[in-house]
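Each chain, letter by letter, is given below.
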Amino acid sequence: MLRRLAAPALLLALTLAVAGMGVLAAQAARWPWLVAMAVACGVLVLGAWWHGGLTTRRVLVFALLFRLLLAWLPPSLSDDAYRYVWDGLVQAEGVNPYQYRPSDPALAHLQGEPVYAPLNSKAYFSVYPPVSQGLFAVGGLVYGYGWEASFYLIKALLIGMEVGALLLLARMVAARELVLYAWNPLVLLETAGQAHTENAMVLFLVLAVWFARRRQGAGASMAVALAGWVKLYPFVLLPLLVRRFGARGVWPGLALAAVIALPYAAPYVLPHLRTSLDLYALLFEFNAGIYYFLKEGYDVLYGVDVSKQLGPALRALFLAGLPVFYLLDARHRWPLGRAMLLVIGWFLVCATTVHPWYLLGILALAVFRPSPPWHWHWLGLASIGTYLLYVGGPYWSFVAAGWGGWFVLALVQTAPRGFESLQRARARRKIRFIQPFLPRIKRPLHVLDLGAGEGYVGAILGEGRGVQVTLADVLPMNRTGLPHVLYDGQHLPFGDDAFDVTVLYFVLHHAEDPRAVVREALRVTKGRVVVVESVYEKAWDRHLLERLDRWANRVRSRGLMRGQEEHVQFRRRAAWRTLFEDEGATVLSERRRGRLVHRQAAFVLAAR
């Protein structure tokens, strides 16, 4: 009963919170309350996600309602819209928007218009690409009815495009994932509330994923090209399509980009764009994580302001990092949505200016991840607080909280996957060490990975053709799909000679009774038993091994192996050999590696 009542109550609270955001956003004096209301809205959205049970239809209905509640807002949070209207007005006068700065005397006849006074960056050439300019030009057609008419027409176009992206997303992801974008307070404020050009970019990014899922490379490349002519940086996504569709799949996008640029082509366009973009990199800064960290850190340590050098350096770092992402995408064969999210995320990390609306694209792409990238959602919510800079509020607190939380959450979310990748890579190195000891037979090879832990060694062994692997351990740590058996450390539940090979990799020094483990391994194996152990030569060597082993196993098992720490006993090579022989094994072969830290010895055993 309570669960049925919770959903309507939550939806009512969300509706009131969104309406409240609209009222509070209209006046700068109320922005501190706006931030508090946005945080409350974010908590409610998280509650809706956690509660679950939402249908796509309900998510869309309320998403549209929330946007309608904010569509009336004037350009209160940002003055970008005045530039949209100005560029549209200039085009209505038959002037290329890239030709003059707004403050240029050549436009003196327009500088008396009401839209000129609140215009930002009057001394800079326009940096809005051709698709954005096309939308502004439509608004310019109705400027005769006042700048407000131009603004709301441009706003209606942009909101309509973002709603189109929302409808596409609804056909590609489940309602639970969709709600994190559709009802996100930052998304609502910046799309319906302020209608930034990112609205159009979001549509084209989502379209690119839509076409890619249908193996339509031409459509995907044209969508990316359109996104690039909204905000420029999406052009770096085009190489991601080459792997998926080849050069032929990218040419339609490049051709479309050229056609769209033609109406604005002129010798002065590129120099003017480059001038303004360089000034943005050198002079502008806002809510930038790594930039602020480096700038403030250098100032504290050396008392030097390096902001003018950091902007170009971070831009170079972004460009240098792109090939790495392209190579990783080719190696891991990421879904396009994930690859785009990572590349755009890299752009934002290296940016010197990260206005709240810059996060719209990444929040839209985030819904394609099976587990939400909470670090970006957190940064989006915290970024609303950066508006307080303009009213004397705690801007720096929100920057620190936003990017600090971003870093912590990113570390928490990516560490397990990164650790798993490291463990798999380590498992491959382990297999290379013992590969010479493994038999080569034509019939299927049955292998027991005894003391398998997470099972990665067994999983790598199982990649071989005709190899069947079974895992066994005293703890439930298996993270693979291989058959896994829990046993008591004394008696294996297998018959005699059940396996061709048994592998014990860094197992015996943890065992409560290593002799029993060896006896059982010899019993169930008709071929070879391969044992690899960490060994020491000096007392300090043994102490180091014990400390490293305790730390590493607490991390990898998340504390599950604490009970085995009391049994840890490392031996010298000769002591292991004696133990094996005492238990009725013949040492067929022996191999060593490592000289200073973490010496290892491999033994190939057979029952006598």
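Look up a bit, the structure's there.
The structure displayed is predicted, hence computed values, not measured ones.

J.: Mind showing me how you'd approach the overall build of the protein here?
T.: For the protein, the helix and strand inventory stands at 22 helices and seven strands. A total of 608 residues make up the protein; the buried ones form 52% of that total. Total accessible area on the protein stands at roughly 27,500 Å², and carbon and sulfur atoms take up 62% of it. The average position of the 62 basic charges and that of the 40 acidic charges among the side chains of the protein differ by 5 Å.

J.: Can you help me understand the pattern of salt bridges in this one?
T.: The full count for this structure, using the stated rule, is 18 salt bridges. Between arginine 428 and glutamate 463 there is a salt bridge; the shortest N-O distance is 3.2 Å. Residue arginine 428 is located in helix α18 (residues 395-434), and its partner glutamate 463 is located in the loop between α19 (456-461) and β2 (467-473); the two are separated by 35 residues in the primary sequence. For arginine 599, the salt bridge is made with glutamate 537, and the minimal N-O distance between the two is 3.7 Å.

J.: How do you make sense of unusual backbone geometry when you look at a structure like this?
T.: Residues other than glycine predominantly adopt negative phi, and peptide bonds predominantly adopt the trans conformation. Backbone geometry at serine 121 places phi at a positive 50°, although glycine is not the residue there. As for its placement among the helices and strands, serine 121 is situated in the loop between α4 (80-92) and α5 (130-140). Unusually for a residue other than glycine, alanine 195 sits at a positive phi of about 50°. When you line up the elements, alanine 195 lands in the loop between α8 (185-193) and α9 (198-213). Residue classification places alanine 195 among the buried residues on the basis of a relative accessible area of 3%.

J.: Would you mind showing me how to read the pairing of strand β1 (residues 445-450) here?
T.: A regular strand places its side chains so that they alternate between the two faces of the sheet. The buried fraction of β1 amounts to five of the six residues, a majority that puts the element mostly inside the structure. As paired elements, β1 and β2 share six bridges and run parallel to each other. Its bridge partner lying in β2, leucine 450 is registered against alanine 472.

J.: What am I meant to see in the environment of leucine 119 here?
T.: Within the secondary structure, leucine 119 sits in the loop between α4 and α5. Distance in space between the C-alpha atoms of leucine 119 and proline 102 is 8.6 Å, their sequence separation being 17 residues. Contacts of leucine 119, omitting those with residues within four sequence positions, involve Tyr82, Arg83, Trp86 and Pro102.

J.: How should helix α7 (residues 175-182) be read in this particular structure?
T.: Side chains of residues three or four places apart in an α-helix project in the same direction, reflecting 3.6 residues per turn. With seven of eight residues buried, α7 is to be regarded as a mostly interior element. Turning to α7, its buried residues number three or more, namely Ala175, Glu177, Leu178, Val179, Leu180, Tyr181 and Ala182.

The rules behind these values
- Residues numbered from 1 in each chain as written.
- Predicted model: local features only at pLDDT ≥ 70, side-chain atom pairs only at ≥ 80, totals over all residues.
- Heavy atoms only, no water.
- Helix = DSSP H or I, 4+ residues; strand = E, 2+ residues; numbered from the N terminus.
- Buried < 20%, exposed > 50% of the residue type's maximum accessible area, 1.4 Å probe, protein only.
- Areas by Shrake-Rupley, 256 points an atom, 1.4 Å probe, with all protein chains shown as cover.
- Lys, Arg positive; Asp, Glu negative; His and termini not counted.
- Charge placed at Lys NZ, Arg CZ, Asp CG, Glu CD.
- Salt bridge = Lys/Arg side-chain N within 4 Å of Asp/Glu carboxyl O.
- Pairing = 2+ DSSP bridges.
- Contact = heavy atoms within 4.5 Å.

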